Amino acid sequence: MRIARPVLTVLGVLSFMMGMLWIGQGLGYVHWPQSSFMLDQRPWADRGAALAAVGILLVLAARRLGRR
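Structural notes, computed from the coordinates. Bear in mind the structure is a predicted one, so any value in this text is a computation, not a measurement.

Relative to each other, helix H1 (residues 4–27) and helix H2 (residues 42–66) sit at 160 degrees, their axes nearing to 7 Å. Of the possible angle classes, the one that applies to H1 and H2 is roughly antiparallel. Two packed elements cross with a definite hand, and for H1 against H2 that hand is left-handed. For the contact of H1 with H2, the per-class residue count stands at 20 nonpolar, eight polar and four charged.

Set out below in structure tokens:
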């Protein structure tokens with residue numbers, strides 16, 4: 001179980017960061033890469049919000065594992 005906490009934390013942080021990137025691309029705030037099909041596409045902002053929420057839940061689950 002010692003390996004679960006850092007793995008969940010890393011996966012959670014990466015999921016959160018990728019979700020924020022998708023939100024930025026979907027809403028048109030981030031234009032990187034310039035040839036991305038996700039730019040200014042609202043469904044990608046919604047998917048990014050869901051992924052960011054999953055990332056937060058993973059980090060919270062990892063913190064809870066550490067208390068035991």
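Inspection of every chain in the model, using the stated rule, returns one salt bridge. With its nearest N and O atoms 3.2 Å apart, the salt bridge here joins Asp46 to Arg42. With Asp46 and Arg42 both in helix H2 and four residues apart, this pair spans about one turn of that helix. Residue class for Asp46 comes out partly exposed when judged on its relative accessible area of 42%. Classification of Arg42 by relative accessible area gives exposed; the value is 54%.

Moving on, we get to a positive patch on the surface. A cluster of basic residues, Arg5, Arg63, Arg64 and Arg67, forms a positive patch on the protein surface. Note on placement: Arg67 falls in the segment after H2. On the accessibility criterion, Arg67 (68% relative accessible area) is exposed.

A full pass over the atoms with the stated rule returns two aromatic pairs. Here the aromatic rings of Trp22 and Trp44 are separated by 5.4 Å at their centres, their planes lie at 80 degrees, and the arrangement is edge-to-face. With Trp22 in helix H1 and Trp44 in helix H2, the pair connects residues that are 22 residues apart, well separated along the chain. Residue classification places Trp22 among the partly exposed positions, given a relative accessible area of 21%. Here Phe37 and Trp44 contribute two aromatic rings whose centre-to-centre distance is 5.7 Å and whose plane-to-plane angle is 70 degrees, an arrangement assigned as edge-to-face. A cation sits over an aromatic face here: Arg47 above Trp44, 4.7 Å from the ring centre.

Thresholds, definitions, all that
- Residues numbered from 1 in each chain as written.
- Predicted model: local features only at pLDDT ≥ 70, side-chain atom pairs only at ≥ 80, totals over all residues.
- Heavy atoms only, no water.
- Axes fitted to C-alpha atoms, helices over the stretch in contact; angles between N-to-C directions.
- Helix = DSSP H or I, 4+ residues; strand = E, 2+ residues; numbered from the N terminus.
- Parallel < 35°, antiparallel > 145°, perpendicular 65-115°, else oblique.
- Left-handed = near helix turned anticlockwise from the far one by under 90°.
- Nonpolar A, V, L, I, M, F, W, Y, C, P; charged D, E, K, R; others polar.
- Salt bridge = Lys/Arg side-chain N within 4 Å of Asp/Glu carboxyl O.
- Buried < 20%, exposed > 50% of the residue type's maximum accessible area, 1.4 Å probe, protein only.
- Patch = residues over 30% accessible without salt bridge, like charges linked within 9 Å, V, L, I, M, F, W, Y side chains within 5 Å.
- Areas by Shrake-Rupley, 256 points an atom, 1.4 Å probe, with all protein chains shown as cover.
- Lys, Arg positive; Asp, Glu negative; His and termini not counted.
- Charge placed at Lys NZ, Arg CZ, Asp CG, Glu CD.
- Phe/Tyr/Trp six-rings, centres within 6.5 Å; stacked < 30°, edge-to-face > 60°.
- Lys NZ or Arg CZ within 6 Å of the ring centre and 35° of its normal.

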